[in-house]
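Chain by chain, the residues run as shown.
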Amino acid sequence: MSVVVRSKPSLRERFVDVRDFSDRITRSLSPEDCMVQSTEDASPIRWHLAHTTWFFETFVLKQDPTYQEFHPEFAYLFNSYYNAVGKQFPRPQRGTISRPGLDGIRDYRAYVDQQMMTRMESAEFLGNHSHTIEVGLNHEQQHQELILTDIKHALSANPMLPIYEDSVFDDRDSASGNWDRFDSGQYEIGHRTSEFCFDNEEPRHTVYLPEFSIAADLVTCGQFINFIEDGGYRRPELWLSLGWNAVNDDDWASPLYWVCQDGQWMQFTLAGLVPVNRDWPVCHVSYFEADAYARWAGCRLPTEFEWEFAGNSAASVEADSSESIENHGQFADRLFRDDLAIHPTRSSSGMAGAVWQWTSSSYQAYPGYRPPDGAIGEYNGKFMCNQYVLRGGSVATSSSHYRNTYRNFFPANARWQFSGLRLAR
Ligand code: AVJ
Ligand code: FE
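Just so it is clear, the structure is predicted and the values come from calculations on it, not from any experiment.

### A short note on the sheet that holds strand β6 (residues 264-269)
- Read from one edge to the other, the open sheet built from three strands follows the order β5-β6-β7, with strand pairing classed as antiparallel. Because the sheet does not close on itself, it has two edges, and the strands there are β5 (258-261) and β7 (272-275). Taking each pair of neighbouring strands and ignoring which way they run, the sheet shows an average axis angle of 35°.
- Alignment of β6 against β7, held across four bridges, turns out to be antiparallel. Bridging from a neighbouring strand, Phe 268 pairs with Leu 273 of β7.

### Thoughts on the site of ligand 1
- Taken together, Tyr 81, His 139, Gln 142, His 143, Leu 146, Tyr 379, Asn 408, Phe 409 and Phe 410 are the residues near ligand 1.
- Between a nitrogen atom of ligand 1 and a side-chain N or O atom of His 139, the distance comes to 3.2 Å.
- At 3.1 Å from a nitrogen atom of ligand 1 is found a side-chain nitrogen or oxygen belonging to His 143.
- Within the complex, the protein chains bury 85% of what would otherwise be the 350 Å² of accessible surface of ligand 1.
- Contributing elements (two or more residues each) for the shell around ligand 1: α5 (123-156) and β10 (408-410).
- By residue number, the principal contributor to the shell around ligand 1 is α5, which donates four residues.
- For the shell around ligand 1, the residue count by class is five nonpolar, four polar and no charged.
- The residues that make up the shell around ligand 1 include at least three from each of domain 1 (11-156) and domain 2 (163-425).

### Details of the nonpolar core
- Membership of the largest hydrophobic core comes to 112 residues, with the highest contact counts inside it found for Phe 78, Met 116, Ile 133, Tyr 164, Phe 227 and Leu 421.
- Element by element, the count of residues in this core is highest for α5, at ten residues.
- Domain assignment of the residues forming this core places at least three in each of domain 1 (11-156) and domain 2 (163-425).
- The contacts of Tyr 164, once residues within four sequence positions are left out, are Ile 25, Ser 28, Leu 29, Leu 148, Ile 151, Leu 155, Leu 270 and Ile 342.

### Concerning unusual backbone geometry
- Note the cis peptide between Arg 99 and Pro 100, where omega equals 0°.
- Within the fold, Pro 100 resides in the loop between α3 (74-77) and α4 (102-119).
- The linkage connecting Glu 202 with the following residue, Pro 203, adopts the cis geometry, with an omega of -5°.
- Tracing the sequence through the fold places Pro 203 in the loop between β2 (185-189) and β3 (205-209).
- Even without a glycine there, the phi angle at Asp 262 is positive, about 50°.
- Take Asp 262: it is sitting in the loop between β5 and β6.
- Classification of Asp 262 as exposed rests on a relative accessible area of 83%.
- The phi torsion at Asn 386 lies on the positive side, around 60°, for a residue other than glycine.

### Considerations on the coordination of the iron ion (ligand 2)
- Protein-derived coordination of the iron ion (ligand 2) comes from His 51 (NE2), His 139 (NE2) and His 143 (NE2), at a distance range of 2.2 Å.
- In this structure, the iron ion (ligand 2) is surrounded by four donor atoms whose angles at the metal cover 87 to 175°, and the resulting shape is irregular.
- Of the residues examined, His 139 reaches a relative accessible area of 3% and is grouped as buried.

### Notes on helix α8 (residues 287-296)
- A large share of α8 lies buried, amounting to eight of its ten residues.
- Residues of α8 that are buried: Tyr 287, Phe 288, Glu 289, Ala 290, Asp 291, Ala 292, Tyr 293 and Ala 294.
- Looking at the buried positions of α8, the neighbouring elements they touch are α6 (221-229), α7 (241-249), β8 (356-362) and β9 (388-391).
- Positive backbone phi, approximately 75°, marks Gly 298, located one or two places after α8.

### Side note on the domain arrangement of the chain
- Splitting the chain by domain gives domain 1 (11-156) and domain 2 (163-425).
- A C-alpha centroid distance of 27 Å is found between domain 1 and domain 2.
- Contacts between the two partners involve 34 residues from domain 1, matched on the other side by 32 residues from domain 2.
- Summing both sides of the interface, domain 1 and domain 2 together bury roughly 2,900 Å²; the carbon and sulfur share of this comes to 62%.
- For the pair domain 1 and domain 2, the interface holds zero salt bridges.
- At the surface where domain 1 touches domain 2, the tally comes to 17 residue pairs in polar contact (both at pLDDT 80 or more).

What counts, and where the lines are drawn
- Residues numbered from 1 in each chain as written.
- Chains lettered and ligands numbered in written order.
- Predicted model: local features only at pLDDT ≥ 70, side-chain atom pairs only at ≥ 80, totals over all residues.
- Heavy atoms only, no water.
- Pairing = 2+ DSSP bridges.
- Helix = DSSP H or I, 4+ residues; strand = E, 2+ residues; numbered from the N terminus.
- Axes fitted to C-alpha atoms, helices over the stretch in contact; angles between N-to-C directions.
- Near = heavy atom within 4 Å.
- Polar contact = N/O pair within 3.5 Å; in protein donor to acceptor, adjacent residues only side chain to side chain.
- Areas by Shrake-Rupley, 256 points an atom, 1.4 Å probe, with all protein chains shown as cover.
- Nonpolar A, V, L, I, M, F, W, Y, C, P; charged D, E, K, R; others polar.
- Domains from an automatic or database assignment.
- Core = buried A, V, L, I, M, F, W, Y, C linked by side-chain atoms within 4.5 Å.
- Buried < 20%, exposed > 50% of the residue type's maximum accessible area, 1.4 Å probe, protein only.
- Contact = heavy atoms within 4.5 Å.
- Donors = N, O, S within 2.8 Å, 3.2 Å for Na, K, Ca; no water.
- Tetrahedral: all angles 85-135°; square planar, octahedral: opposite > 155°, others 65-115°.
- Buried area = accessible area lost by both parts, 1.4 Å probe.
- Salt bridge = Lys/Arg side-chain N within 4 Å of Asp/Glu carboxyl O.

Following this line, the structure appears as structure tokens:
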């Protein structure tokens, strides 16, 4: 097999690629689709398209005093949470805003794109802003994943169960049942190359890990059905206290998007309602459900450090053997396709790329962490409280966005992301 090695794209090329990709994944949506905010956690698609544009306008273009802003009200309307930039329109009401229309938001994107593209011809401009532009592109890629999870939630709330994209699922996979064992030792954790990373992946530091084993497969839907049928959602001894509250307050009896029809579990996907496939990885579970499942299975969730170390080893094994690239998972498959899948179907294809995997680690600063100076310092650091780290990337993550040191984070009750789990012991 031949491996295509692409030369590293320039920042301008990457800018065009990433901005275009937002258009591509929203092209099939109507203006009405783009206005819905079906839950406070999610945002209207139109808001994502504007906010990612606001990011470049605020943190790059407005640094230049000759730049003319597109609209004076947008600074307030499309600021997500940067207090140092100014006040923000309340998040829960984002779905009540109908102007600018979707066309107006596309005009805003085109204006900012044009301003950026012209300026990026200047070496001086690139010298001053390339890191922030890189952050802006990675930011937009995060929002591309949120666009998919948020439109999925919005469509799922409609009893007509509309389809985002028709898709044939690729089912070639079955769990190996293997465990990978690692010796105790002192291991280096965190980002180390000169490639881009987010601030929360640094500084690199040493951790001590006792001997551990980590499952080669993700927990599958079939295994999760066994948990459900064993009364998993009705047995308080399996649950953390806050998790048990969530089960009862929100009537959880299965992963999000699952419904039982005539004894058959069905699940809503971006391609509509399909039968739950027992071999697919379980997805749309909260930290609480992941933790309860692990307890039921007599195991536990890995820490984020165990996960990263095991992921490093898996990546180096794969790099040594061209053969293994073929078995390298939904996520890495896309390195060569530059595409997004819309539902995870492979449970045993490497550590990364099917679903984000809950770890038992609280989202905290690494020793010596310092947020960047200025408003952009609010990007990651201020959320280091009451959230858990997820590792691994998902079918909705762009492969050019993911690294083995990547730390995603969500509150323990969040389940609308493509989140699943892998066991450790
Ligand atoms: C890392 C996915 C939790 O959803 O707020 C978007 C990503 N940060 N804009 C989030 C993000 C700033 C972030 N997560
Ligand atoms: Fe954002």
